[in-house]
Amino acid sequence: MIDLYTSATPNGWKASVTLEEMGLDYNVKAIDISAGDQKKPEFLKINPNGRIPAIVDHDIKDENGNGFAVFESGALMIYLAEKTGMLMPKDVQGRSKTIQWLMFQMGGIGPMMGQANVFYRYFPEKIQPAIDRYQNESARLFGVLNRQLAENEYLAGDYSIADIANWCWVRTHSWSGVDIEPFEHLVRWRDLIAERPAAIAGLNVPYNLEERMRAQSENEEEFKKKARKMLVGKGE
Ligand SMILES: N[C@@H](CCC(=O)N[C@@H](CS)C(=O)NCC(=O)O)C(=O)O
C-alpha cells in the first residue's frame, strides 16, 4: 500500500492523477500547507524539502526497514511508472521523450506559473515587471506545448506521465492570469484530458475540488493571506 501526502495544488494533483490512472490503492494523508504541516519534523523525514507531494511505498522497505519514501513530484511519477510499467514507454528513446516533457514541466511550466501566482495573485505589492516576466514566460512555454500538440495528440507518443504533469499546471492558467485561448491545440489537449475519469478523480484528492473552489472564491482574501503567510512568513 502507498501513502500519499498531498494538498489540493497542481503538484499534489500530479501524484493523485497518476495513482488514479494506474489504479493503485493508496491512502490519502492530507497536508495543510497553510498550517505548515509540511515543515514538521515527522514530514521532513519523508520529504527533506518540506513540500508536497510525497509518497511512502510500504510494499518496499528502505535500509532502515521503513516504507520507501519518494519526494519531488517528477521523481515520484517516474517511480510509479517504473513500478507499474504504465504511462511511460520502456524503450530508451520513448522513455527519454517522456522524461524530456516531464522535465519541461518541472523546470519550466511549474516554476514560471508558480512565480506568476506569487506576483500576480498573492503579493499585496504589485510589481509589474515581475508579473510581466512570469506571465510572459508562462505564455511562451504554453506556445512550446501548443506547437508540440499541433502535430501530436499527446506530448510524447501515447498519453503519459508527461501529459499528466503539464496538464495539472496548464489547467490552472487563469489563477496565474495567463490566457490559453490563443493556443488552440493546447486547449484541445486540456479538454481531452479533462474528460478522463482518473483525471477527474485525481483532482478531487485530498478533497472535493468544486466545493473548495466555491469556498475559496467566497474567501479569496483569506486564502491569499494564508498563501502570503506560507511564502514570506506573514499574512498581512
Ligand atoms: N519541485 C517540487 C515542488 C513542490 C512544491 O512546491 N509544492 C508546494 C505545493 S504545489 C508546497 O508544498 N508548498 C509548501 C511550501 O512552500 O511550504 C515538486 O515538484 O514536488
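Let me sum up the structure you'll find in this document. The numbering scheme is per chain: residues are counted from 1 as the chain's sequence reads. At least 70 in pLDDT is required for a residue's local features to be given in this predicted model, at least 80 for side-chain atom pairs to be given and counted, and no such filter applies to totals for whole chains, interfaces and linings, which use all residues.

This brings us to the site of the ligand. We call a residue near a molecule or strand when the C-beta position, derived from backbone atoms, sits within 6 Å of it. Around the ligand, a shell composed of Thr9, Pro10, Asn11, Ile33, Gln38, Gly50, Arg51, Ile52, Glu72, Ser73, Gly74 and Met230 is seen. Numbered from the N terminus, helices here are DSSP runs of H or I no shorter than four residues, and strands are runs of E no shorter than two. Breaking the shell around the ligand down by element, the ones donating at least two residues are helix 1 (10–22) and helix 3 (73–84). For this classification, the nonpolar set comprises Ala, Val, Leu, Ile, Met, Phe, Trp, Tyr, Cys and Pro, the charged set comprises Asp, Glu, Lys and Arg, and every other residue, Gly included, is treated as polar. Classifying every residue of the shell around the ligand gives 4 nonpolar, 6 polar and 2 charged.

On to the sheet that holds strand 1 (residues 2–6). By the convention used here, strands pair only if DSSP detects at least 2 bridges between them. Within the open sheet, the 4 strands sit side by side as 2-1-3-4. Their pairing is mixed. Where the open sheet ends on each side, the last strands, each with one partner, are strand 2 (26–30) and strand 4 (67–71). Across this sheet, the average inter-strand angle for adjacent strands is 20°, counted without regard to direction. Across 5 bridges, strand 3 (residues 54–61) lies against strand 4 in antiparallel orientation. Its bridge partner lying in strand 4, Ala54 is registered against Phe71. Two residues qualify as being in contact provided that their C-beta atoms, derived from the backbone, are within 7 Å of each other. Fitting a line to C-alpha atoms yields each axis, with helices limited to the stretch in contact; the angle taken between N-to-C directions then spans 0 to 180 degrees. Where helix 1 meets the sheet, it contacts strand 1, strand 2 and strand 3, and its direction lies at approximately 150° from that of strand 1.

Looking now at the environment of Gln100. Along the chain, the position of Gln100 falls in helix 4 (residues 92–122). Any residue surrounded by 20 or more other C-beta atoms within 10 Å of its C-beta is treated as buried, while 12 or fewer makes it exposed and the intermediate range makes it partly exposed; C-beta atoms here are placed from the backbone. On the neighbour-count criterion, Gln100 (12 C-beta atoms within 10 Å) is exposed. Spatially, the C-alpha atom of Gln100 lies 21 Å from that of Ala54, the residues being 46 residues apart in sequence.

Counting buried positions over the 10 residues of helix 6 (residues 161–170) gives 10, a clear majority of the element. The set of residues buried in helix 6 consists of Ile161, Ala162, Asp163, Ile164, Ala165, Asn166, Trp167, Cys168, Trp169 and Val170. In the core, the buried residues of helix 6 are packed alongside helix 1, helix 3, helix 4, helix 5 (128–151) and helix 7 (184–194).

For this analysis, nonpolar core means a set of buried Ala, Val, Leu, Ile, Met, Phe, Trp, Tyr and Cys residues linked through C-beta atoms within 7 Å. Counting 56 residues, the largest nonpolar core has Ile55, Met77, Leu102 and Ile161 as the members making the most contacts within it. With 11 residues, the top contributor of residues to this core is helix 4. Per the annotation, domain bounds derive from an automatic or database assignment of domains. Lining this core are residues from two domains, each supplying at least three of them: domain 1 (2–86) and domain 2 (92–202). Dropping the residues within four chain positions of it, Met77 is found in contact with Lys14, Thr18, Leu102, Ile161, Ile164 and Ala165.

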